[in-house]
Amino acid sequence: MSESTVRIGLVLPDVMGTYGDGGNAVVLRQRLRWRDIDAEIVEITLPDPVPDSLDIYALGGAEDSAQRLATRHLLRYPGLQTAAGRGAPVLAICAAIQVLGQWYETSSGERVEGVGLLDATTTPQPTRAIGEVTTTPLLPGLSAPLTGFENHRGGTILGHDATGLARVTRGVGNGVGDGLEGVVQGSVLGTYMHGPALARNPELADHLLCRALGVESLPPLDLPEVDLLRRERLRAA
Ligand code: GLN
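Residues numbered from 1 in each chain as written. Predicted model: local features only at pLDDT ≥ 70, side-chain atom pairs only at ≥ 80, totals over all residues. Heavy atoms only, no water.

**Quick notes on the UniProt feature "domain: CobB/CobQ-like glutamine amidotransferase" (unreviewed entry) in the protein chain**
Sequence positions flagged by UniProt for "domain: CobB/CobQ-like glutamine amidotransferase" (unreviewed entry) are, in local numbering, residues 7-201. Secondary structure across residues 7-201 comprises 21% helix and 36% strand; the distance between its end C-alpha atoms is 21 Å. (UniProt positions renumbered as here; feature names shortened; annotations may be inferred. Helix = DSSP H or I, 4+ residues; strand = E, 2+ residues; numbered from the N terminus.)

Right, dumping it as structure tokens:
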């Protein structure tokens, strides 16, 4: 590893890894390597304190009990909060939105205090949202439709300090009737899209990488397989 190696923190894949969202870290690393930028994934598992020195962080989704464990760990070792405070990008998938919010209620009605990085609260909805979700991004710098697979019962209300990542064109999204999907606040970006989200949305992957590297843009990549996957997913939607 050289000093310029980009270090991608995969936070608690042992706990928040139920839906294969660890693939987002692999996508970030690969898109850097394709551009001849050294990158490595640092897995932070349950016994480990969360380091605050990494360049970018990714957290995946999980069931209620696993997300409670993750919340406790992140509050005990606040490295992620320190890193987000200095502007390191954080990608939070599904349950991770809920964990990073102010509080969430589990499906059994227990209210759990969150990490507080996002002005968002989550309560269980009458029906589970399962299926393809397609959206139009609201975040400046993104133009291509976003696509993913959602699977959650929680519905997330955004407070004043947070904005939606995108507007839903198909599917449920945050699930509280405001038509929004995902959340953006400072350097933290959350979405209900599994997929993994970054494999299905390369523009979003590069957006996060630009933030991590502090650059306006990255050289484009010519990847016909990725383009084909996107076309198929959007057609299916
Ligand atoms: N347990 C949460 C919910 O159902 C998160 C699920 C997930 O991460 N897919 O809302």
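**Considering the pattern of salt bridges**
Counted according to the given criterion, the structure contains five salt bridges. A salt bridge links Arg-35 to Asp-206; the shortest N-O distance between them is 2.7 Å. Of this pair, Arg-35 sits in the loop between α1 (23-33) and β2 (39-44) while Asp-206 sits in helix α6 (residues 202-213), placing them 171 residues apart in sequence. Note on Arg-35: relative accessible area 11%, which makes it buried. Since its relative accessible area comes to 15%, Asp-206 is described here as buried. Arg-68 is the partner of Glu-110 in a salt bridge, and the nearest nitrogen-oxygen pair spans 3.0 Å. Taken together, the residues span a long stretch of sequence, with Glu-110 in the loop between β5 (103-105) and β6 (111-113) and Arg-68 in helix α2 (residues 64-76) at a distance of 42 residues. Its relative accessible area of 28% is what places Arg-68 among the partly exposed residues. (Salt bridge = Lys/Arg side-chain N within 4 Å of Asp/Glu carboxyl O. Buried < 20%, exposed > 50% of the residue type's maximum accessible area, 1.4 Å probe, protein only.)

**With respect to the pairing of strand β1 (residues 6-11)**
When you tally the buried positions in β1, you get five out of six residues, the bulk of the element. Of the pairings in the sheet, the one linking β1 to β2 comprises six bridges and is parallel in character. In the strand pairing of β2, Val-11 is matched with Ile-44. This β-α-β element, β1 to α1 to β2, shows right-handed connectivity. Relative to strand β3 (residues 56-59), β1 runs parallel, the two sharing four bridges. For Ile-8, the partnering residue across the bridge sits in β3 and is Ile-56. (Pairing = 2+ DSSP bridges. Right-handed = clockwise from strand over helix to strand, strands pointing away.)

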